[in-house]
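# Summary of the model geometry
Here is how the chains run, residue by residue.
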Amino acid sequence: MADHDNTERYLALAEAVVGAFAYVASLLEDLPLPITVPDLVQAGEGEPTKVLVGLNRARTLIADEPISHGHKRAFERMMLDWFAAYETLALVRLAGPAPWRLDVAEYALERLVTWIEMIENDELNDDES
């Protein structure tokens, strides 16, 4: 029963990671200097490297955005949390859905949602760290 629960949880988290990526991509496109990243769904399982490299490049481009330092840090951390969730789920596919791996992915997604909410609600200032 526990294996089934872990598998279901993995599938739910994988779906959440895909949805979170789409949301992150839309936030990047809404920046004053829009940043476009490759589509995760279109890339599919065959070309995740293109997506990962694109999102990592977006992290470097954030520095040039005419937004506050707090917003820049929020975008960077939001993307790092997405990477943490994605990479952890990739490990789950290789090593199995151990509960702690699923917890790590879930926690990264929770942080990512918090960053999204702070960005959208403009709750950031230059003191954010």
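Here the structure is shown first, and the text comes after it.
Our subject in this report is the structure included herewith. (Residues numbered from 1 in each chain as written. Predicted model: local features only at pLDDT ≥ 70, side-chain atom pairs only at ≥ 80, totals over all residues. Heavy atoms only, no water.)

Here we come to unusual backbone geometry. Only a minority of non-glycine residues have a phi that is not negative, and only a minority of peptide bonds are not trans. Here the phi dihedral of Asp122 falls at roughly 50°; this positive angle occurs in a residue that is not glycine. Mapping Asp122 onto the fold places it in the segment after α5 (99-120). (Helix = DSSP H or I, 4+ residues; strand = E, 2+ residues; numbered from the N terminus.)

So, on to the environment of Ala25. Tracing the backbone through its elements, the reader meets Ala25 in helix α1 (residues 2-29). The class for Ala25 is buried, based on a relative accessible area of 13%. Along the backbone, Ala25 and Val37 are twelve residues apart, and their C-alpha atoms lie at a distance of 6.4 Å. Setting aside residues no more than four positions away along its own chain, Ala25 makes contact with Ile35 and Val37. (Buried < 20%, exposed > 50% of the residue type's maximum accessible area, 1.4 Å probe, protein only. Contact = heavy atoms within 4.5 Å.)

Further remarks concern the packing of aromatic side chains. Per the counting criterion, the structure on display carries three aromatic pairs. Measuring from centroid to centroid gives 5.8 Å for Trp82 and Phe83, while their planes differ by 70°, and the two rings are edge-to-face. Looking at Trp82, the relative accessible area reads 0%, which means it is buried. A residue is classified by how much of its surface remains accessible, and Phe83, at 13% relative accessible area, is buried. With 5.0 Å between their ring centres and 20° between their planes, Trp82 and Tyr86 make a pair best called stacked. Of this pair, Trp82 and Tyr86 both sit in helix α4 (residues 69-95), four residues apart, which is roughly one turn of that helix. (Phe/Tyr/Trp six-rings, centres within 6.5 Å; stacked < 30°, edge-to-face > 60°.)

Put simply, helix α3 (residues 48-61) and α4 touch, their axes get as near as 9 Å, and they point 155° apart. As the angle between them shows, α3 and α4 are arranged roughly antiparallel. Considering the relative orientation of α3 and α4, their crossing is left-handed. Where α3 approaches α4, its residues Pro48, Leu52, Leu55, Asn56, Ala58 and Arg59 are matched on the opposing element by Glu76, Met79, Leu80, Trp82, Phe83, Tyr86 and Glu87. (Axes fitted to C-alpha atoms, helices over the stretch in contact; angles between N-to-C directions. Parallel < 35°, antiparallel > 145°, perpendicular 65-115°, else oblique. Left-handed = near helix turned anticlockwise from the far one by under 90°.)

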